[in-house]
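Residues per chain are reported as follows:
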Amino acid sequence: AELKSIAILVPEQGSDFGWNQQGVDSAKAAAAKTGVELTVAQGLGYGDVRPTLRELAEDGVGLMLCHASGYNTACPEIAQEMKVPVAIVDRPDLLKPGLVADYTLSGHEGAYLAGRLAAKVSRTGTVGVVVSGEPPSWNSQSAGFAQGVKAEKPGTKIVYAVIGPAAYSDAAGGQRVTGSVIAAGADVIFGQGNGSSFGMLQAVETTKAVDGGKVLFIDVIGDKTTLDKGFLLTSVLWDMTPVYASMVDDIKAGTFGTKHYKIQLSDNSVRLLQTKNVPADAWAPIMALRDDIISGKIKIEPVFDAAAVRALMTDVAAK
Amino acid sequence: MDMILSQSFLTSLVVGLVMAGVPLLLAGLGEQISEKAGVLNIGIEGMMLIGAYAGFLGAWQTGSLWVGFLYGIGGGMAVALLMAVLCVRIGLSQIVIGIGLTLGAEGLTALLHHVQFSRSYPRLPGVETWAVPGLSALPVVGPGLFDRHPMVYLAIALAVILSMLYRKTHLGLTLQAAGDKPAALDGAGVDVLRTRFAAVLCTGALAGLGGAFMSEVGAGLFIPFMTNGAGFIGIVLAMLARGRPLWVLAGAALFGACLSMTTALQVAGINIPTDVIQMLPFAAVMAVLVIFGRRASLPAALGLPYVRGAR
Amino acid sequence: MPAAPLIEFRGVTKRFPGVIANDQVDLRIHAGEVHVLLGENGAGKSTLIGMLSGLQQPDEGDILLEGATVKLTSPKRALRSGIGTVFQHGMLVPTLTVAQNLSLGNPWWRFRREGDIAHRFEALCADFGVRIDPHAITGELSLGEQQQVEIFRALLRGSRVLVLDEATSMLTPQGVEELGALMRELAKRLLAVILITHKLREAFDFGDRISILRHGRKVAELGPEQLRETDEHKLHQLVVRSMFGGAGGAPHIRRADATGERRPVLTVRGLSVDGGGDGRVAEVSFEVAAGEILGIAGIDGNGQKQLAEALAGQRRAAAGEILLDGRPIASLDVGARRRLGLRYVTDDRLGEGTVGAFPVSTNLLLKEIGTAPFWEGGIERPARIREHARALIEEFDVRTPGPDTPIARLSGGNIQKAVLARELFGGARVVIYNKPTYGLDVHNIASARRRLSEAADAGVATILISTDLDEILELSDRIAVMSGGRVVGIIANDGDARTLVGEMMAGEMTGEERAGEAA
Amino acid sequence: MMVEPAQSSGAGSLGLVTSAAGRAAVRIGLTAVAPVVLALVLSGAVLSQMGTDPLEYYGYVVQRAFMTPSGFQATVTRMAPLLLLGAGLILAFRAGLWNLGLDGQFMLGATAAAALAPPLAQVWPIPLVLAASMVAAMAAAALWSLLPALLKAYHGVNEIITTLMMSFLGLSVSNALVKLAFLDPTTTVPQTRTLAVADRLPPLSGTTVSSGVLIGLVAIVAVHLVMTRTSFGLRLRVVGANPRAAIHVGLRVPLLTVMVFAASAALVGLAGAVEILGVHGNVRADWNPAFGLAVIPLVFLARLNGLATIVYVLFFSALQIGAESAARRLGVPHYFSLVLVANLLIVLALVEHLSQRWRLDTRS
Ligand SMILES: Nc1ncnc2c1ncn2[C@@H]1O[C@H](COP(=O)(O)OP(=O)(O)OP(=O)(O)O)[C@@H](O)[C@H]1O
Ligand SMILES: Nc1ncnc2c1ncn2[C@@H]1O[C@H](COP(=O)(O)OP(=O)(O)OP(=O)(O)O)[C@@H](O)[C@H]1O
Ligand SMILES: [Mg+2]
Ligand SMILES: [Mg+2]
């Protein structure tokens, strides 16, 4: 089929150095690569997006990228109603040929590597995971991270804390909770959150680890290097460009909605950010592990359930 | 489990309590001044938010937290000025205007943030703490409570000072008369409107300072909607405290402690879902109300505009 | 002529939307005089002194203090100029102590020195032979005490002019006497006292000079010589004519003797009510027969209000029985008692008797909400409601632009007429009146009393609670006196009732003695 | 100019004008149109500060929200929960009760409906499922209001504190319920089961408008009529306007208080149900549209008049729909609509005050 323009819908402004920005940037890159027009609908919030979807469909958009797990009920419904293909996240079960495709994003492979790296650089033998909420994509990364830590140094403790209900914007809460996690011994923080992740970063920058040394921060999805003041260890970067580009190709080829799209280490759609804060000798072994994962030598199963994630943490902590 | 008992962790819980509690304390003390004087200041959430934004802006532009606090106070007072003119001077409904101001402040700060900071997310450098000589050497509470930014001490001192002012000077009497029987205060030769006007401005100043503390010290940055209902909790604290600043202090500490506890339980690996733990502070307040819920002695003229000689 | 006046009003005019409250008023107030302002309700008395106390500013004219024009732009200015005012409605903060109230008005940063002010207050009290605890919570004092506190407050502030707006309306006869003595004492000490009252008796007893306002204009002034020299009856006529434009006073209504054995309609036995902080009722028993008026006299705050509310069903009784036509009703609520014919005319018409923002028509049916034919199946029938209102407005001569006017826009007297209409309408068996003429002018007082007695003549068992002894004596068949929540005696209203009641009110006779005597 | 004082019954009625039509037109012009224009101008200043042409923005909002079929349908659909929330608020506010716990009650209602409807739809006929879910939602929200209601009615505890606290609590509870009790096991997303599109409240024929809007309209008109035309409404208004008079005339104030709270919360809960059954189909964890703070100004703007509330809700829905679209085209975040509503509220309150003063001044 012919495809002239696509649209991406994101809940927050596409300038958050995270989920939203990465989605918008990737969509831009994919549109440029495949030669289609892109409409960006950002800051839509977590309410009802049906009006926007209908409007986009009326405007002749040929593919709508619903880049939020909260949109995965509305988008397939409107796809059906308006006969316009949509791509959603976190609902692989809703696949529908020609209409609905899923690209559940899981950076668990990258998070696993981050976990290995964290365990390597931790001096105190304790690392922290701070999240603002427990959506599936974060759960799988939290789990991946814990598995990585465990694999690298089984004795390492993992402290896990969720900030709270309104935590997307709770920057002060992010700082407070991260501060407590650092005080509980963590000297590497794996942080996932939107606005609150800036609070986590702030805590990392301004709090000393229990051994008096520096605390390092591992970010997810986006690249905050330009904002870094020397505390960013790495980031599990996502790049949806290949995903979006192949969606466009699939629509053109008439095969849309027949397969799941993934981000993964193998095509660099998930990768670990190398910063100057990574010790020189630590990077090479991590890259070797990456190759093992790609080759299938190491298998990491994604864990999406919050309770299972917690079990993983306490498990580790109990050792 | 050992980390739960480690000194540094316990300290961090005290720190968490202080960080969460101070903005609530300032907001509660501020709201209390208005309420005493008979103005139910529902706009305090907006005042905090503007204070948070202005405080961050000031600190970020000048590099000085103290200048930031002044900005925050100014921001809060600007909103309060609007409220005072509309509700005290003109006598419009305090609840309507309060909600309007909160909405407006939410929208405005989110827009300003979008225009100014959403591409750079600037953060402030770490906060300089000031250790109270002697006390800061105590275990746990020493570093947790007595090695903080001076604004923490000032906020706590403010509760004590206000409590003393209310008891020792005519401030408390004047405010109480403005709230309980404004006509009597007027008859005694004190301008009721001016008293209430000043009270609302003080509320704005304290709420703005609380917001500024949140953005400058609590988070080190500004994020839209970051006050997250702290102002409303301030209203609740002020109402529960029935005019006594030290009760606001206790209430703010309780709330802060509950928030700290949620972190503590999680870090301890106690597997209760976060949402259940998050209910703690609110459930605590409701429990207090159910158990001690006698007729809350709110000022008789609370919420009513004063018009001299009205019949 | 006396020396230059302390205060002088020169051509003072004050307008309110739709009313000229004061019209070119000239008035001189001299030191050492009690100057009485008379005038019917709405004549402009409060407005005039409002300008003196800084609450309002004149639209035209000047106020002079010792010959010099002053601008009294705020209560503070007035206080500084030595003008102390005791307003019609109390002006103390009920939640503060007396001493705290006295120190109100200091700048907020000053340290509190309640000890000092308490001492000075006590000294002043002693000077005038009064005892009030400066550390008592003001709201817990009696109204008379609160008023004395206000007067002393004005004196403590060094006032040279003391303004008392309807200061006597809340007081008992003794209280009035005491206040009169206090005023005379103040005048002796060369203060100027301005007294506003509705009672001519007080004006003649306490006043050195009387000014009469009518429709905002000063229509007469009687100096000390005139007051001394003119014959009392003539004086009375003169004043009444000035106040009301020659219409004369109210006709005297004396009830036809209504003694004789009649079946009691309302029987109260051993009724006790916990009043909380504000007065209680203890073991009260009495009966009222059809067509009978039982007056309940007593100093304000001796449980009358609690008794009335307990009878009406607004307040729970702690013990005792209430029988209506022999049927116990103590467990019934207000509505059920009303349906049985028990009605209550409250003394607080604006505070609880009416909903000011609602139309007259609704207020006339406020106690019948939901009943047919005005509501059918819960649905309002506006035409019938308005029709009902028109009829009552007509019958009770309620002066209102129409049935849809919010009742708060009516004058006090007309609001009271509407309340009377509501309570007397349809099958009233027992009506409890609580201070039914409080705050009304002479005309309205007369018409309210006439209503009350006509209803009684038509067979309504009537309970008349009043602090106005004259009213009780004028209307009642029997008189009960309440003191400290008890009925200390019930006597027939005959020749020496005034002295007996006065003695009981003053506490010179115990309930047992009284009961023995009355039996 | 001579203007008769408007006849206003009750605290906030919109002075249903009885005087001559011309005068009424002038008054409406001055008190309704002028403030809107002024608020638009003030907010427009904010827009132009952000480098956007206000006229273009407003034009675009009107165009999208009213002139395009899908936009208008979206506007009308968005009205449904707001109307129900407005109805609940009018009921409470007219009775003098500050029910500020809307968000918690709304979410509990929504959660109850979302928990019940999908499994029931497997076994019961759909109309019955929808009705049962709505009843459950109303019951859940009403139950949640019981504690504040009882505390207010029998202990005089200020309901502003308790409803706010219960609102925060309710949000946590509904979240916990979604994540722990009513989780959809077929997906990793923490949300309830989804009610199939075909099983939801049917759209108005030929449109995408949820028939929830009819429920909303019926509810608010019913509340309006109850408050203005029935004995029950009058009793509530007496309680609201003068609680002491209510006791004096023998109304059972505590009972009425509890009833009003329950009814108000039930309507709010119904709003949640209608939003779920008509639009969303499920409740996601951590979802909270926070309609409360937006609706309160609307009912005040409408002076607690049900019919006027419909107009303001329409205005607000249009603003939201238009602003979402304008955000994309003109780059103005939709937060702008908050600024506009706040401006409108303040300006209108001010103008109303001034016009009342002016009315008094011209009376003599
Ligand atoms: N604030 C006001 N606004 C409008 N009209 C007023 C106001 N105050 C007084 N008036 C009107 O001015 C007139 C004079 O009122 P004022 O209170 O001075 O009378 P008064 O002689 O003290 O009566 P009363 O014996 O009832 O106390 C009345 O018609 C009154 O309604
Ligand atoms: N606050 C007010 N604003 C405007 N007008 C008022 C106000 N209060 C009273 N009035 C009007 O002023 C007039 C006088 O009021 P007031 O209560 O003093 O009546 P009055 O002359 O004493 O009558 P009555 O003898 O029946 O009590 C009335 O016509 C009333 O409508
Ligand atoms: Mg008067
Ligand atoms: Mg009068």
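Residues numbered from 1 in each chain as written. Chains lettered and ligands numbered in written order. Predicted model: local features only at pLDDT ≥ 70, side-chain atom pairs only at ≥ 80, totals over all residues. Heavy atoms only, no water.

Caption draft 1: Local environment of the overall build of chain A. Broken down by element type, chain A carries 10 helices and 11 strands. For chain A, the spread of C-alpha atoms along the three principal axes comes to 60 × 40 × 35 Å. When burial is assessed residue by residue, chain A has 69% of its 319 residues classed as buried. Long-range pairs, those at least 24 residues apart, make up 72% of the contacts in chain A between residues at least 6 apart in sequence. Working note: accessible area of chain A is about 9700 Å², and carbon and sulfur atoms make up 53% of it. (Helix = DSSP H or I, 4+ residues; strand = E, 2+ residues; numbered from the N terminus. Buried < 20%, exposed > 50% of the residue type's maximum accessible area, 1.4 Å probe, protein only. Contact = heavy atoms within 4.5 Å. Areas by Shrake-Rupley, 256 points an atom, 1.4 Å probe, with all protein chains shown as cover.)

Caption draft 2: Spatial organisation of the confidence of the model for chain A. Confidence along chain A averages 87 in pLDDT terms, with 96% of residues attaining 70 or more. Every residue in residues 315–319 of chain A is under pLDDT 50, and counting partners more than four places away or in other chains gives 8 contacts. (pLDDT = per-residue confidence, 0-100.)

Caption draft 3: Focus on the UniProt feature "transmembrane region" (unreviewed entry) in chain D. All names here are of chain D. Here, the residues flagged by UniProt with the feature "transmembrane region" (unreviewed entry) are residues 28–51, 71–93, 130–151, 163–183, 203–227, 253–274, 294–319 and 331–351. Helix makes up 100% of residues 130–151 and strand 0%, whereas the separation of the span's terminal C-alpha atoms amounts to 33 Å. Helix makes up 85% of residues 294–319 and strand makes up 0%, while its end C-alpha atoms are separated by 12 Å. (UniProt positions renumbered as here; feature names shortened; annotations may be inferred.)

Caption draft 4: Up close: the sheet that holds strand β14 (residues 319–324) of chain C. Residues and elements named next belong to chain C. The sheet built from 4 strands is open, its strands ordered β12-β11-β14-β15 with antiparallel pairing. This sheet does not close on itself; its edge strands, each paired only once, are β12 (281–289) and β15 (327–328). Bridging between strand β11 (residues 264–273) and β14 involves 5 bridges; their strand directions are antiparallel. Across the sheet, residue Val268 finds its bridge partner in β14, namely Ile322. (Pairing = 2+ DSSP bridges.)

Caption draft 5: Inspection of a positive patch on the surface at higher detail. On the surface, a cluster of positive charge is contributed by B:Arg89, B:Arg194, C:Lys76, C:Arg77 and C:Arg80. Broken down by element, the positive patch gets its largest block of residues, 3 residues, from helix α2 (residues 75–80) of chain C. Looking at where C:Arg77 falls in the secondary structure, it is placed in helix α2. Residue C:Arg77 is classed as partly exposed on the basis of its relative accessible area of 41%. (Patch = residues over 30% accessible without salt bridge, like charges linked within 9 Å, V, L, I, M, F, W, Y side chains within 5 Å. Salt bridge = Lys/Arg side-chain N within 4 Å of Asp/Glu carboxyl O. Lys, Arg positive; Asp, Glu negative; His and termini not counted. Charge placed at Lys NZ, Arg CZ, Asp CG, Glu CD.)

Caption draft 6: Structural detail: the interface of chain D and chain C. Contacts between chain D and chain C engage 26 residues on the former and 29 residues on the latter. Counting the contacts that link chain D with chain C gives 3 salt bridges. Note that C:Asp348 is salt-bridged to D:Arg244, the shortest N-O span being 2.7 Å. Summed over the shared surface of chain D and chain C, the number is 10 residue pairs in polar contact (both at pLDDT 80 or more). The set of elements that each furnish at least two residues to the side of chain D that touches chain C consists of α7 (212–229), α8 (231–241) and α9 (243–248) of chain D. Top element by residues in the side of chain D that touches chain C is α8(D). It accounts for 6 residues. (Polar contact = N/O pair within 3.5 Å; in protein donor to acceptor, adjacent residues only side chain to side chain.)

Caption draft 7: Region of the structure containing the packing of α7(D) against helix α12 (residues 306–330) of chain D. All names here are of chain D. Running from N to C, α7 and α12 point in directions that differ by 150 degrees, and their axes come no closer than 8 Å. Every residue of α12 that contacts α7 at Leu217, Ile220, Val221 and His224 is listed here: Gly306, Leu307, Thr309 and Ile310. Taken together, the residues of the contact of α7 with α12 break down into 5 nonpolar, 3 polar and no charged. (Axes fitted to C-alpha atoms, helices over the stretch in contact; angles between N-to-C directions. Nonpolar A, V, L, I, M, F, W, Y, C, P; charged D, E, K, R; others polar.)

Caption draft 8: Examining the pattern of salt bridges more closely. This structure, assessed with the given rule, holds 59 salt bridges over all chains. Linking C:Glu114 and C:Arg112 is a salt bridge whose minimum nitrogen-to-oxygen distance equals 2.8 Å. The exposure class assigned to C:Glu114 is buried, which follows from its relative accessible area of 17%. Note that C:Asp208 is salt-bridged to C:Arg184, the shortest N-O span being 3.3 Å. With a gap of 24 residues between them, C:Asp208 in the loop between α7 (200–206) and β9 (209–214) and C:Arg184 in helix α6 (residues 173–188) connect regions that are remote in the sequence. Judged by relative accessible area, C:Arg184 falls into the partly exposed class, the value being 30%. Sharing partners across several salt bridges, the network here consists of A:Glu55, A:Asp59, D:Arg64, D:Arg328 and D:Arg329.

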